[in-house]
Amino acid sequence: MKKTQSSLTNRFYIHYKETISYDLLLKQNIENILEIFKLEKIILNTTSKVIVSDKKNIIPGLVALELFSGQNQKITSATKSISGFKLRENQVIGCKVTLRGQTMFNFLEKLVTIILPRIRHFNAIDLNFFDGKGNVSLGLSSLLIVPELESYFEYFECIRGINISLITNVCLSDKQNSSMNDI
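All of these numbers come straight from a predicted model, not from anything done at the bench.

1. Overview of the overall build of the protein
Summing up its helical and strand segments, the protein has six helices and five strands in all. Starting at the N terminus and walking to the C terminus, you meet the elements of the protein as α-β-α-α-β-β-α-β-α-β-α. By the burial criterion, 35% of the 183 residues in the protein qualify as buried. When contacts within the protein are restricted to residue pairs at least 6 apart in sequence, long-range pairs at least 24 apart make up 67% of them. Here the protein has roughly 12100 Å² of accessible surface; of this, 53% comes from carbon and sulfur atoms.

2. Considerations on the nonpolar core
In this structure, Ile42, Leu44, Phe68, Phe107 and Ile164 are the most contacted members of the largest nonpolar core, which totals 33 residues. Sorting the residues of this core by element identifies strand S1 (39–47), helix H3 (59–69), strand S3 (92–99), helix H4 (101–115), strand S4 (136–140) and strand S5 (162–168) as the ones contributing at least two each. Here this core gets six residues from one element, more than from any other, and that element is H4. Ignoring any residue separated from it by four or fewer positions in sequence, one finds Phe68 in contact with Leu44, Phe107, Lys110, Ile115, Leu140, Val146, Glu148 and Ile162.

3. Some words on a nonpolar patch on the surface
A cluster of nonpolar side chains, contributed by Ile59, Val63, Leu67, Tyr152 and Tyr155, occupies part of the molecular surface with about 490 Å² of accessible area. Tracing the backbone through its elements, the reader meets Tyr152 in the loop between helix H5 (147–150) and S5. Judged by relative accessible area, Tyr152 falls into the partly exposed class, the value being 41%.

4. What to know about the packing of helix H1 (residues 11–27) against H4
Put simply, H1 and H4 touch, their axes get as near as 8 Å, and they point 95 degrees apart. The angle between the axes of H1 and H4 places the two elements in the roughly perpendicular class. For the pair H1 and H4, contact is made by Arg11, Phe12 and Tyr13 and by Phe105, Leu108, Glu109, Val112 and Thr113, respectively. Across the contact of H1 with H4, the residue classes tally to five nonpolar, one polar and two charged.

5. Here we look at the environment of Met104
Relative to the helices and strands, Met104 is located in helix H4. A relative accessible area of 2% means that Met104 is categorised as buried. In this structure the C-alpha to C-alpha distance between Met104 and Lys41, which are 63 residues apart in sequence, comes to 6.6 Å.

6. Focus on the side chain of Gln91
Mapped onto the elements, Gln91 comes out in the loop between strand S2 (74–77) and S3. Using a relative accessible area of 16% as the deciding quantity, one classes Gln91 as buried. Dropping the residues within four chain positions of it, Gln91 is found in contact with Val52, Thr76, Ser77, Ala78 and Lys86.

7. Examining the pattern of salt bridges
Opposite charge on two side chains allows them to pair when their charged atoms are near. For the structure shown, the criterion picks out one salt bridge. Between Glu109 and Arg11 there is a salt bridge, with its nearest N and O atoms 2.6 Å apart. Here Glu109, found in helix H4, pairs with Arg11, found in helix H1; they are 98 residues apart in sequence, far enough to count as distant.

Rules of the game
- Residues numbered from 1 in each chain as written.
- Predicted model: local features only at pLDDT ≥ 70, side-chain atom pairs only at ≥ 80, totals over all residues.
- Heavy atoms only, no water.
- Helix = DSSP H or I, 4+ residues; strand = E, 2+ residues; numbered from the N terminus.
- Buried < 20%, exposed > 50% of the residue type's maximum accessible area, 1.4 Å probe, protein only.
- Contact = heavy atoms within 4.5 Å.
- Areas by Shrake-Rupley, 256 points an atom, 1.4 Å probe, with all protein chains shown as cover.
- Core = buried A, V, L, I, M, F, W, Y, C linked by side-chain atoms within 4.5 Å.
- Patch = residues over 30% accessible without salt bridge, like charges linked within 9 Å, V, L, I, M, F, W, Y side chains within 5 Å.
- Salt bridge = Lys/Arg side-chain N within 4 Å of Asp/Glu carboxyl O.
- Axes fitted to C-alpha atoms, helices over the stretch in contact; angles between N-to-C directions.
- Parallel < 35°, antiparallel > 145°, perpendicular 65-115°, else oblique.
- Nonpolar A, V, L, I, M, F, W, Y, C, P; charged D, E, K, R; others polar.

This is the structure:
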């Protein structure tokens, strides 16, 4: 069965559609509703020096990402050799998961309501986390803050952290980048 946009019933998606999108239309003076800021996908990835030295150490990373995201993962490999890192071309270096649609909004809700408040001394997302294209990247250094992984922490010793990238559909100019502070 194919999922449609109308089948998304996540409260973050509903709030975006009913409130935020109309506010952005008015504040940014956008004429076309398709030009509005939209979250396209969330990418979770992990890698470690231990994985590069021995392939079997990727198994905890695969399991951690599957428990964390609720979706199957993909193994990533090096695109070129780098002798300084003792890395060869096509060598396994980590794993990643790409979330879209309903699973993306479910993960975003879990990230904002459960995981980020558990980070010690977390105040807000710094503007340095944004790249010039409107995407946000942040990292979780401790896996103890993830509810699905905290009871199995001894199995995930070789994983030092998980990187989270929120990919949007906009390219911010300097004018728009300064107005993102108002949102």
